[in-house]
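# Commentary on secondary and tertiary structure
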Amino acid sequence: MKAVKISMNEAKTSKQLKAVIAGTLINALITLTATIVLTLFMSIAGNLFEDFAKYLMLLPLVLGGYIGGFISARINGANGLLLGVISGAAILIILLIIGFTVYNTDITYMILLKVLCVLLPAAMGGVKGVNKKEKFKI
């Protein structure tokens, strides 16, 4: 009987890990796609959005964080807040590593804004994903 309990716990952990990985990948794809679309729009618009372009580029992070948290919570079916924050934090860590190593960025208030723009929508998406009535399985 003990072996059955161990394999059941491993399946639960495996499902959570699969949910976080899927949510993180979806988050990255949505963020990349939204960034490309917004960049094309801003290049067509010209100097119209020049003053607040760096704030406008936070929108793809919000969109990707929400959808990534939603997907990870829908796959697991429980612990939406935790899974949403974990999938958002994974993307945030990747962004920070790229920013510090490749672009030699400094620590500014924009990092705090990026943290808020990724983690809060990811947590809200996770909660919304758990509260959805229909079943979703991968």
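This text follows the structure it describes.
Described in the following lines is the structure provided in the data block. Position numbers for residues start from 1 in each chain and track the written sequence from start to end. Totals for whole chains, interfaces and linings use every residue, but because this is a predicted model, local features are given only for residues with pLDDT of at least 70 and side-chain atom pairs only at 80 or more, for both listing and counting. The basis for the side-chain values is all heavy atoms of the structure; hydrogens and waters are excluded.

## Some thoughts on the environment of Met57
What counts, and what does not: Counting from the N terminus, the helices are the DSSP runs of H or I reaching at least four residues and the strands are the DSSP runs of E reaching at least two. Contact between two residues is taken to exist if any of their heavy atoms lie within 4.5 Å; hydrogens are not considered.
If you trace the backbone, Met57 turns up in the loop between α2 (53-56) and α3 (59-76). Sequence-wise, Met57 and Lys114 are 57 residues apart; in three dimensions their C-alpha atoms are separated by 9.9 Å. What Met57 contacts, discounting residues up to four positions off in sequence, is Thr35, Leu38, Thr39 and Met42.

## Comments concerning the packing of α3 against helix α5 (residues 109-130)
Going by this rule: Axis angles are defined between N-to-C directions and span 0 to 180 degrees, where every axis is a line fitted to C-alpha atoms and, for a helix, only to the segment in contact. Note on convention: the crossing is left-handed when the near helix lies turned anticlockwise from the far helix by less than a right angle, right-handed when the turn is clockwise. Residues are grouped as follows: Ala, Val, Leu, Ile, Met, Phe, Trp, Tyr, Cys and Pro are nonpolar; Asp, Glu, Lys and Arg are charged; all remaining types, including Gly, are polar.
α5 packs onto α3 with a crossing angle of 35 degrees between their chain directions and a minimal axis gap of 6 Å. Between α3 and α5 lies a crossing of right-handed hand. Of the residues in α5, those in contact with Leu61, Val62, Gly65, Tyr66, Gly69, Phe70, Ala73 and Arg74 of α3 are Lys114, Cys117, Val118, Pro121, Ala122, Met124, Gly125, Gly126, Lys128, Gly129 and Val130. Along the lines of polarity and charge, the residues of the contact of α3 with α5 split into 11 nonpolar, 5 polar and 3 charged.

## Digging into the layout of surface pockets
Here is the rule: Residues are called lining when one of their atoms sits within 4 Å of a cavity or pocket point, these points coming from a 1 Å grid over the protein atoms alone, where a cavity is a set in which a 1.4 Å probe fits but cannot get out and a pocket is an open set with protein on both sides within 12 Å along at least five of seven lines. Grid points are joined across faces, edges and corners, and a volume is the space filled by probe spheres set on the points.
Put simply, the largest pocket is a space of about 720 Å³. Taken together, the residues that form the lining of the largest pocket break down as 14 nonpolar, 5 polar and 3 charged.

## Here's the deal with α3
Our working definition: Multiplying one less than the number of residues by 1.5 Å gives the expected span of a helix. Partly exposed residues are those whose accessible area sits between 20% and 50% of the maximum for their type, while under 20% is buried and over 50% is exposed, using a 1.4 Å probe and protein chains only.
Here α3 is 18 residues long and its end C-alpha atoms lie 26 Å apart, about the 26 Å a rise of 1.5 Å per residue gives. For α3, every residue scored as buried is listed here: Pro60, Leu61, Gly64, Gly65, Gly68, Gly69, Ile71, Ser72, Ala73, Arg74, Ile75 and Asn76. The first or second residue beyond α3 is Gly77, which carries a positive phi of 85 degrees.

## Regarding the packing of aromatic side chains
Our working rule: Only Phe, Tyr and Trp rings are paired, with Trp represented by its six-membered ring, and only when their centres lie within 6.5 Å; those with planes under 30 degrees apart are stacked, over 60 edge-to-face, the remainder tilted.
All chains considered together, the criterion is met by 1 aromatic pair. Between Tyr66 and Phe70, the aromatic rings sit 6.4 Å apart at their centres with planes inclined by 20 degrees, giving stacked as the arrangement. You can see Tyr66 and its partner Phe70 sitting in helix α3, 4 residues apart, about one turn around the helix.

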